[in-house]
Amino acid sequence: MTYIEVDSYGECLRNKDLPQQLKNPASMDADDFYRIIAQYKFILAFENAICDDYVTEKLWRPLKLGVVPVYYGSPSITDWLPSNRSAILVSEFSHPRELASYIRRLDYDDRLYEAYIEWKLKGEISNQRLLKALKERKWGVQDINQDNYIDAFECMVCSKVWENIRLQERGLPPKAWKAEDTHLSCPEPTVFAFSPWAPRRSSMREMWIPSFEQSKKEAQALRWLVDRNQNFSVQEFWALVFKDSFQKASE
């Protein structure tokens, strides 16, 4: 903001106000919120954590709306962009002054700016890795064959369970699909290089590992109930999930 004007609607640096009806986070996919975003040529899209597999709506939303994201986040982001000219990557600049200068240059030169939205205007994705993943993946967020990614993921889990059941019926050992702690071991967030005065943030692992442990308990409870092959209530499910916690507390 020292080198270029930035409109900030968030609580941290707010210098612009959202309409009252859009202040609820549940409104982040509302048409009125999209209209506000779509009026901008550029949007700062900074992730909460720097991990290869952590790419969020902060990037996809501006791409969806035809806005050029100024992205800082996943080191592997070029694997997933629709083209090599669809986002401005902060990591390619050594100082915010240089980044601001480049944004101004695109802002003043329509030809250069339009190169960043050409993929959108023509409806052409040139990233072959992305096209291959979209074609071959078994499930994913906003899977075109599913209503939402939760449904798609649950279908995948169900298929794996039945695959094991059939293996056991034939006297074969079941396959193991097990999440590991390393799947959630993003590097601890560090002070952003552009902001040496910023306070150090707590580890992202401290946020995710309790969720990981909780999910393991839920998976164990779900497997037990599936093997039982009987209908069960919500109360039964959560009683199984929290059983170990209750036992430890009583001890």
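Summarised in this report is the structure supplied together with it. (Residues numbered from 1 in each chain as written. Predicted model: local features only at pLDDT ≥ 70, side-chain atom pairs only at ≥ 80, totals over all residues. Heavy atoms only, no water.)

1. Examining the overall build of the protein
Reasoning step 1: The helix and strand tally for the protein stands at 10 helices and 3 strands.
Reasoning step 2: Counting from the amino terminus, the protein carries its helices and strands in the arrangement α-β-α-β-β-α-α-α-α-α-α-α-α.
Reasoning step 3: Counting every position in the protein, which comprises 251 residues, the buried fraction comes to 27%.
Reasoning step 4: In the protein, of all internal contacts separated by at least 6 residues, the share reaching a separation of at least 24 is 48%.
Reasoning step 5: Accessible surface computed for the protein: about 17800 Å², of which carbon and sulfur atoms make up 53%. (Helix = DSSP H or I, 4+ residues; strand = E, 2+ residues; numbered from the N terminus. Buried < 20%, exposed > 50% of the residue type's maximum accessible area, 1.4 Å probe, protein only. Contact = heavy atoms within 4.5 Å. Areas by Shrake-Rupley, 256 points an atom, 1.4 Å probe, with all protein chains shown as cover.)

2. With respect to the nonpolar core
Proteins that are soluble and globular tend to have nonpolar side chains buried together.
Reasoning step 1: In this structure, F42, V68, V70, I88, L99 and L106 are the most contacted members of the largest nonpolar core, which totals 14 residues.
Reasoning step 2: Only β2 (68–72), α3 (96–108) and α4 (110–114) provide two or more residues apiece to this core.
Reasoning step 3: The biggest single contributor to this core is α3, with 4 residues.
Reasoning step 4: Judged by nonpolar contacts, the second largest core, of 9 residues, contains L63, L81, A87 and L89. (Core = buried A, V, L, I, M, F, W, Y, C linked by side-chain atoms within 4.5 Å.)

3. Quick notes on the pattern of salt bridges
Reasoning step 1: Under the defined criterion, the tally for this structure stands at 10 salt bridges.
Reasoning step 2: Notably, a salt bridge pairs K41 with D107, separated by 2.8 Å at the nearest N-O pair. Separated by 66 residues along the polypeptide, K41 in the loop between α1 (31–38) and β1 (42–46) and D107 in helix α3 bring together distant segments of the chain.
Reasoning step 3: Look at K41 and you get partly exposed, because its relative accessible area is 27%.
Reasoning step 4: Under the relative-accessibility criterion, D107 is labelled partly exposed at 33%.
Reasoning step 5: Residues E136 and K132 are paired through a salt bridge, measuring 2.9 Å at the closest nitrogen-oxygen approach. One end of the pair is E136 and the other is K132, both in helix α6 (residues 128–136) and 4 residues apart, which spans about a single turn. (Salt bridge = Lys/Arg side-chain N within 4 Å of Asp/Glu carboxyl O.)

4. Examining the packing of α1 against helix α2 (residues 57–65)
Reasoning step 1: Direction vectors running N to C along α1 and α2 enclose 80°, while the axes themselves pass 10 Å from each other. Viewed along their axes, α1 and α2 adopt a mutual orientation that is roughly perpendicular. Residues F33, Y34, I37 and A38 of α1 lie in contact with α2, whose contacting residues are R61, K64 and L65.
Reasoning step 2: Residues that form the contact of α1 with α2 fall into these classes: 5 nonpolar, no polar and 2 charged. (Axes fitted to C-alpha atoms, helices over the stretch in contact; angles between N-to-C directions. Parallel < 35°, antiparallel > 145°, perpendicular 65-115°, else oblique. Nonpolar A, V, L, I, M, F, W, Y, C, P; charged D, E, K, R; others polar.)

5. Focus: empty space enclosed by the protein
Reasoning step 1: The final tally for this structure, using the stated rule, is 1 cavity of 30 Å³ or more.
Reasoning step 2: What the largest cavity holds in volume is close to 30 Å³.
Reasoning step 3: What lines the largest cavity is simply P62, L63, G66, V67, V68, S86, Y116, I117, W119 and K120.
Reasoning step 4: Contributing elements (two or more residues each) for the lining of the largest cavity: α2 and α5 (118–122).
Reasoning step 5: Of the residues contributing to the lining of the largest cavity, the split by class is 7 nonpolar, 2 polar and 1 charged. (1 Å grid on protein atoms, 1.4 Å probe; cavity = no way out; pocket = protein on both sides within 12 Å on 5 of 7 lines; lining within 4 Å. Points joined across faces, edges and corners; volume = space filled by probe spheres on them.)

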